[in-house]
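Chain by chain, the residues:
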Amino acid sequence: MASRFQTHSEPNQVLFEESSCVRKVILNRPQKLNSLTYEMLVGSSLKRISQISRNMEVYENDPMATILILKGQGKAFCAGGDVKGMFFAINEGHWSFAASFYKKQLTLDYLLATSTKPLVALINGIIMGGGAGLSMHSMFRVVTENTVFAMPEGQIGLFPDVGASYFLSRLPGFFGEYLGLTGARLDGNEMLACGLATHFVLSKDLPLLENALSEVASSDASTIYRVINRFSSKTFLKKESAYRRLETISKCFSRRTVEEILSMLENEDANGDNKWIVQAISSMKSASPTSLKIFLKSIREGRTKELEECLMQDYIIACHMFRSSFNRDFLEGSRAMLIDKGKEPKWEPSRLELVSDEFVDQYFEKVDDADWEYLQLPVRPNLAKKWDSKL
């Protein structure tokens, strides 16, 4: 039987452009919603250097470059990492390939988060999983009417990662727990309201914004902020927006355990609140029980950690999932949802009450493999301090 594990030979998966004082990094797999591949992160298989990281280093040392722009071609910013590719690699005995891919991805996320030049992420379209890792740590996060954000990893037996325990834990109230445990989708208006975005600009005005930024001969954050503000549009939250229910969400999602959160949601549902509660309950009940408990522990700990610590913890948890240290939920969820398309996964353990604290704690401990090493992030002069806790 032929191997289904293969790398992607598509040319120009990432484009780089220079325009006056601006340097642009453009994700260029529109037919695949700009999902991240090994080639995009590693570039030359011989040099083992990330295409994006290599150019970032050049741009940071270029005295003519004042602003960096990150965007995607087509209808997506970035729909995440190449999970199907990782599934086939792991399924054929190459879990270390998935770990290597993930290590490159987290390292790139950290390099972008600690960029010495102001980074403007233009998020025009779908942004999920790994796409959030690339952009949510940027100084400026510009969304549009086309933006759709979600972190639905629990549905495939993974967990909201790439620093989500850092940036989601710093949202108002317990909105981050809601987003991570339910995989709920947000539009651009909601992202701006909760703080995931810094600006809302209509998609038709993005070319004008890019041109204006190319005229900025300064890396001064307040100057860049004012330029983006000139193109910003007024926003409004839909009546049915979950963010309008922040008080109820915080009451439910502040509970200590996933079981207690579900119980509170079911009580609110009995009171005849809104459709969002039904959707939240349904999503949580269909997700991996292990993934839900891992994320809740992760985000609670993330409130008091720095980004670097959160990324290092993500790496440990993900490696356990890739190598099926304690269960096979990641492989099972990926098979059911991405390979067999919509089949119901068979989680193990199958119910929340069967997932003990001791079982979850194992995922936060060192991987028992002779060749495994902790994630080593590069020393950077500009520590990531983009978020202030809203609690």
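None of the values given here were measured: they were computed from a predicted structure.

Draft legend 1. A look at the sheet that holds strand S2 (residues 22-27). Strand order across the open sheet formed by 6 strands is S1-S2-S3-S5-S7-S10, with mixed pairing between neighbours. Across the chains shown, the open sheet's two edge strands, defined by having one partner strand only, are strand S1 (14-19) and strand S10 (199-200). Of the pairings in the sheet, the one linking strand S5 (residues 119-123) to strand S7 (residues 140-143) comprises 4 bridges and is parallel in character. Directly across from valine 120, in S7, lies its bridge partner phenylalanine 140.

Draft legend 2. Spotlight on the layout of surface pockets. Quantified by volume, the largest pocket comes out at close to 1,000 Å³. For the largest pocket, the lining is made up of 36 residues, of which Gly81, Asp82, Val83, Lys84 and Leu338 are closest to its centre. Within the residue set of the lining of the largest pocket, elements represented by two or more residues are helix H3 (83-91), helix H4 (95-113), strand S6 (126-128), helix H15 (307-322) and helix H16 (329-339). The element that contributes the greatest number of residues to the lining of the largest pocket is H3, accounting for 5 residues. In terms of residue class, the lining of the largest pocket is built from 17 nonpolar, 10 polar and 9 charged. As a volume, the second largest pocket reaches approximately 400 Å³. Taken together, 17 residues line the second largest pocket, and the ones lying closest to its centre are Arg185, Glu240, Ala242, Trp276 and Gln279. Looking at the lining of the second largest pocket, the elements with two or more residues in it are helix H7 (175-182) and helix H13 (275-286). The element that contributes the greatest number of residues to the lining of the second largest pocket is H13, accounting for 5 residues. For the lining of the second largest pocket, the per-class residue count stands at 5 nonpolar, 5 polar and 7 charged.

Draft legend 3. Structural context of the pairing of S7. Every second residue of S7 is oriented toward a common face, with Phe140 and Val142 on one face and Arg141 and Val143 on the other, all of them buried. By the bridge criterion, 2 bridges tie S7 to S10 in an arrangement that is parallel. For valine 142, the partnering residue across the bridge sits in S10 and is histidine 199.

Draft legend 4. Structural detail: the state of the cysteines. A complete count under the given rule lists 0 disulfides for this structure. No disulfide involves cysteine 78; its sulfur sits 19 Å from the nearest other cysteine sulfur, which is in cysteine 194. The thiol sulfur of cysteine 252 is not disulfide-bonded, and the nearest other cysteine sulfur, from cysteine 194, lies at 18 Å. You can call cysteine 252 buried: its relative accessible area is 0%.

Definitions and limits used
Residues numbered from 1 in each chain as written. Predicted model: local features only at pLDDT ≥ 70, side-chain atom pairs only at ≥ 80, totals over all residues. Heavy atoms only, no water. Pairing = 2+ DSSP bridges. Helix = DSSP H or I, 4+ residues; strand = E, 2+ residues; numbered from the N terminus. 1 Å grid on protein atoms, 1.4 Å probe; cavity = no way out; pocket = protein on both sides within 12 Å on 5 of 7 lines; lining within 4 Å. Points joined across faces, edges and corners; volume = space filled by probe spheres on them. Nonpolar A, V, L, I, M, F, W, Y, C, P; charged D, E, K, R; others polar. Buried < 20%, exposed > 50% of the residue type's maximum accessible area, 1.4 Å probe, protein only. Disulfide = S-S within 2.5 Å.

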